[in-house]
Structures are given as C-alpha cells and as structure tokens.
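Residue-level listing of the chains:
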Amino acid sequence: MNRAFNRDLIAELDALRSAGTYKRLRHLTTPMDAHVRMEEAGDVIVLSSNNYLGLADHPDVIAAGVEGLERYGAGTASVRFICGTLDIHRRLEAKIAAFFGFEAALTYVSCWTANEGLLPTVGVAGTTLVSDEFNHASIIDGCRLAAAKKMRFKHADMADLERCLKGAEGRAFVVTDGVFSMEGDAANLPEIVALAQKYDAVTIVDDSHGAGVMGATGRGTIEHFELGGKVDILTGTLGKALGGAAGGFVAGSGALIDMLIQRSRTQLFSNALPATVASSALSAIEVLETHPELLAKQRENVAYFRAGLERLGFRPLPGPSAIIPIIVGETAFAIAMSDRLLREGVFVTGFGYPVVPEGSARIRVQMSSALEREDLDRALAAFEKVGREVGLLAAAS
Ligand SMILES: Cc1ncc(COP(=O)(O)O)c(C=O)c1O
C-alpha cells in the first residue's frame with residue numbers, strides 16, 4: 001500500500017470522525033427480522049431495514065433459496081449471453097413481468113446495475129434524460145454514463161418538469177423514483193404520465209421502495225395511482241420488500257428487454273443473479289400474492305407508528321409509503337440521535353449530508369409487517385425518552 005495515500009485516507013477518516021459524520025457498520029449475528037442481535041448493542045428492534053413485509057427470513061423464501069442452491073449450484077460462472085441462462089431466471093422474469101403488468105422483464109444483480117444498464121442504453125446521443133433531483137444515486141450515476149443530454153427538475157415540481165420537456169432534445173425520457181427513499185413521498189405519477197404523453201416522452205419509474213408496499217395488492221406506485229399500462233419502463237429491486245437479498249430488474253416491452261440483452265453493459269459484462277437469490281425472490285413474490293395480510297399489517301403498523309410519533313410531538317414528513325422520516329437538523333445530530341436510540345434498543349438510522357441536503361438530516365423510520373404492537377410501543381417509548389434528552393421534544397413536566 002502506498003504510504004502517503006494511506007496517510008491521506010486516515011486523515012480524511014479522522015476528519016469525518018471529528019465532524020461526527022463517520023458511519024459505523026453494525027454487526028448482526030441473526031437474520032433480518034423485527035429484532036436482530038447486534039454485537040454492539042444486543043437484542044434490538046429494527047426500524048431501519050427495507051424488510052417491509054418481513055420476507056427476508058420467511059420460511060418459504062429460505063426453503064426456496066436452499067432448493068435453488070441445491071438444484072442449480074452457485075451459478076453459471078459467467079455472464080448469461082456467454083454461458084447460458086438458468087431456467088430459474090426465466091421463471092423469475094416471467095413472474096416479475098406478469099406481476100407488475102409488463103410484457104417482459106430482465107433481472108440484474110441489483111437495481112443499481114439495472115439502472116446503470118438501462119439508462120445509458122436508452123439515453124443515447126441525441127436524446128434527453130429528464131430526472132427528478134431527488135432520484136436515487138443509481139439513477140444519477142446511470143444518467144452520468146449516458147450520452148444523452150441530461151436535465152434535472154426540482155423535486156416533485158411539475159412546472160419545472162414541463163420546462164425540461166420543452167427544452168429536451170430528441171426523444172425525452174422522464175426518470176423518477178416511485179417512492180423517494182429519503183422523503184417517503186410518492187412521485188406525482190398521474191401528472192408525470194400526463195406530461196410525458198403531452199410531449200411524447202418515455203416514462204421510467206424506479207419503484208424500489210414501492211414494489212411490494214404500495215398499491216392495493218403491493219404492485220407498487222403505478223398500482224397506487226391506478227396507472228397500469230401507462231408507464232413505459234419499470235425498474236426495481238429484489239433486495240427490499242421482495243425477499244431482501246439482492247437483485248434488480250427492468251420491466252417493459254419485449255423489444256426493450258431484447259435490446260437490454262444486446263446492449264446493456266451491466267448485463268453483458270456481469271454475472272447473473274445467483275440461482276439461490278433468484279429462487280428466493282420468486283418465492284417472495286408468491287408469498288406476497290398469497291398473503292395479503294402482510295401488506296395490511298404493514299399499513300396498520302405505519303398508521304400506528306405515525307400517530308404515536310405525532311402524539312409525542314414529532315412531526316414526521318407526510319407520505320403514503322412505509323418510510324417515515326423525521327427531520328432533526330444537522331448530520332452529526334442525526335447520527336448522535338440514532339446512536340442514542342440504539343442504546344435504548346432501537347435500530348434506526350440517521351441520514352445526513354451528502355445523502356440529503358445540508359441542514360435537513362433526518363432519522364428515517366422504515367416500517368415492517370414483522371413488527372408487533374409491543375415492539376412499536378417500546379420503540380415509541382425510546383423515541384420519547386431520547387427526543388426529550390436531545391431537546392426535540394419539550395422536557396417532561
Ligand atoms: C430508488 C432506488 N433505486 C435503486 C436502489 C438500489 O437497489 P439495489 O440495492 O438493488 O442495488 C435503491 C436502494 O436503496 C433505491 O432506493
């Protein structure tokens with residue numbers, strides 16, 4: 001290791017520590033669930049996972065993963081167009097396409113690589129990618145890799161989106177998160193779709209936080225707004241509600257999927273989703289379809305926890321999703337507050353700059369159907385205690 005480079009790294013890390021913005025990895029020794037055992041803090045309630053439906057350790061999902069591993073081994077040890085594609089990938093992709101209401105789908109090892117495969121493939125020179133400023137980092141990076149002209153509209157500002165569409169060159173693609181991960185709000189898909197139609201633009205929705213959570217049957221933000229058939233391209237992750245392991249997908253027309261197989265670099269030059277993960281993700285979608293009570297409980301939990309926070313005097317950002325952010329101010333404050341909550345047995349993460357704008361650091365609660373009422377009450381008691389200690393709530397009289 002080059003010593004001067006290493007010294008520079010250490011100095012930078014020290015600066016992060018002194019600023020109170022250094023991130024520590026927490027070490028878990030049990031599966032993701034309502035509670036986990038953490039080496040640093042013991043048994044804690046989890047309010048910081050995307051395990052929205054509690055499927056990460058669902059017995060069917062585990063059994064399917066084991067069966068996938070036994071049946072197919074680890075994988076084909078190469079990329080799909082060179083070494084073949086497993087029938088479990090085909091089955092999973094057919095399921096994703098049918099579940100979300102698209103002609104076809106293609107899986108990737110993550111939604112990050114799905115977005116990075118899709119955006120440069122469609123956003124060729126002479127076209128324009130129009131992106132909400134709060135879109136996920138994988139969309140931002142995917143746009144950066146594209147030869148298209150890039151335009152950003154102010155978050156959820158439809159007049160600004162229209163300004164971009166008026167200034168677009170060639171075919172325009174409007175790209176948006178379905179549910180914004182740091183705000184918990186849903187994209188204004190009805191207006192986005194209407195504007196896209198007006199300007200003959202293509203709509204791309206990344207519904208990583210909406211898939212399995214939003215809509216009457218968990219089919220996501222498109223279903224939430226009853227816009228089935230009106231969005232051109234959907235991307236999403238299998239690493240959150242839909243199994244919690246890893247994996248991402250693009251769903252769209254048959255021609256789009258065929259073109260991604262020909263041209264998308266993260267498909268052409270990167271291995272397929274491991275068979276065990278493909279099998280467990282397929283099972284997770286089947287569990288979601290056959291157990292609507294999971295979604296119902298997740299929604300009850302969201303409503304209960306939101307109401308509890310508000311009763312205590314917190315002002316969580318409004319939104320229809322499973323994400324409940326509480327703005328607390330500075331990054332170091334948010335991190336210190338989440339450390340303090342962890343000592344009270346609640347695992348919930350503080351996010352600050354550069355993930356969110358300076359001064360709007362937040363504690364982000366993510367609600368799961370795995371949590372019981374008793375967990376929620378204990379977590380609310382911890383929020384009350386810590387909220388008073390750090391001065392976010394008035395001191396107890
Ligand atoms: C909107 C959005 N897109 C993409 C991703 C990345 O998903 P994956 O973990 O599958 O790469 C995330 C995860 O945080 C996300 O929130």
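Look up: the structure comes first, before these words.
Residues numbered from 1 in each chain as written. Predicted model: local features only at pLDDT ≥ 70, side-chain atom pairs only at ≥ 80, totals over all residues. Heavy atoms only, no water.

## Let's talk about the packing of aromatic side chains
- Using the criterion set out here, one finds four aromatic pairs in the structure.
- When the centroid spacing of 4.9 Å and the interplanar angle of 85° are considered together, the rings of Phe-99 and Phe-100 count as edge-to-face.
- The exposure class of Phe-99 is buried, given its relative accessible area of 2%.
- Owing to a relative accessible area of 11%, Phe-100 belongs among the buried residues under this scheme.
- Ring geometry for Phe-314 and Phe-383: centres 5.8 Å apart, planes at 90°, overall edge-to-face. Linking Phe-314 in the loop between helix H13 (292–312) and strand S10 (323–329) with Phe-383 in helix H15 (residues 373–389), this pair joins segments that are 69 residues apart in sequence. Across this residue pair, the class does not change: Phe-314 and Phe-383 are buried.
- Each member of the aromatic cluster is reached from another via a ring pair, and the members are Phe-99, Phe-100 and Phe-249. (Phe/Tyr/Trp six-rings, centres within 6.5 Å; stacked < 30°, edge-to-face > 60°. Buried < 20%, exposed > 50% of the residue type's maximum accessible area, 1.4 Å probe, protein only. Helix = DSSP H or I, 4+ residues; strand = E, 2+ residues; numbered from the N terminus.)

## Topic: a nonpolar patch on the surface
- On the surface, Met-1, Phe-5 and Leu-9 cluster together into a nonpolar patch covering about 330 Å² of accessible area.
- Tracing the chain through its elements places Phe-5 in helix H1 (residues 3–19).
- Overall, the relative accessible area of 46% leaves Phe-5 in the partly exposed class. (Patch = residues over 30% accessible without salt bridge, like charges linked within 9 Å, V, L, I, M, F, W, Y side chains within 5 Å. Areas by Shrake-Rupley, 256 points an atom, 1.4 Å probe, with all protein chains shown as cover. Salt bridge = Lys/Arg side-chain N within 4 Å of Asp/Glu carboxyl O.)

## Notes on the sheet that holds strand S2 (residues 42–46)
- Here three strands make up an open sheet; going across it, the order is S1-S2-S11 and the pairing mixed. For this open sheet the edge positions go to strand S1 (35–38) and strand S11 (346–347), each flanked by a neighbour on one side alone.
- Where S2 and S11 come together, two bridges link them in parallel fashion. Following the sheet pairing, Ile-45 is matched in S11 by Val-346. (Pairing = 2+ DSSP bridges.)

## Some thoughts on the packing of helix H5 (residues 111–122) against helix H10 (residues 254–263)
- At their nearest, the axes of H5 and H10 sit 10 Å apart, and the two run at 100° to each other. One way to sum up the angle between H5 and H10 is to call them roughly perpendicular. The segment H5 lies against H10, with Gly-117, Leu-118, Thr-121 and Val-122 engaging Leu-256, Met-259, Leu-260 and Arg-263. (Axes fitted to C-alpha atoms, helices over the stretch in contact; angles between N-to-C directions. Parallel < 35°, antiparallel > 145°, perpendicular 65-115°, else oblique. Contact = heavy atoms within 4.5 Å.)

## Quick notes on empty space enclosed by the protein
- The final tally for this structure, using the stated rule, is one cavity of 30 Å³ or more.
- Reported here for the largest cavity is a volume of approximately 50 Å³.
- When grouped by side-chain class, the residues that make up the lining of the largest cavity number four nonpolar, four polar and one charged. (1 Å grid on protein atoms, 1.4 Å probe; cavity = no way out; pocket = protein on both sides within 12 Å on 5 of 7 lines; lining within 4 Å. Points joined across faces, edges and corners; volume = space filled by probe spheres on them. Nonpolar A, V, L, I, M, F, W, Y, C, P; charged D, E, K, R; others polar.)

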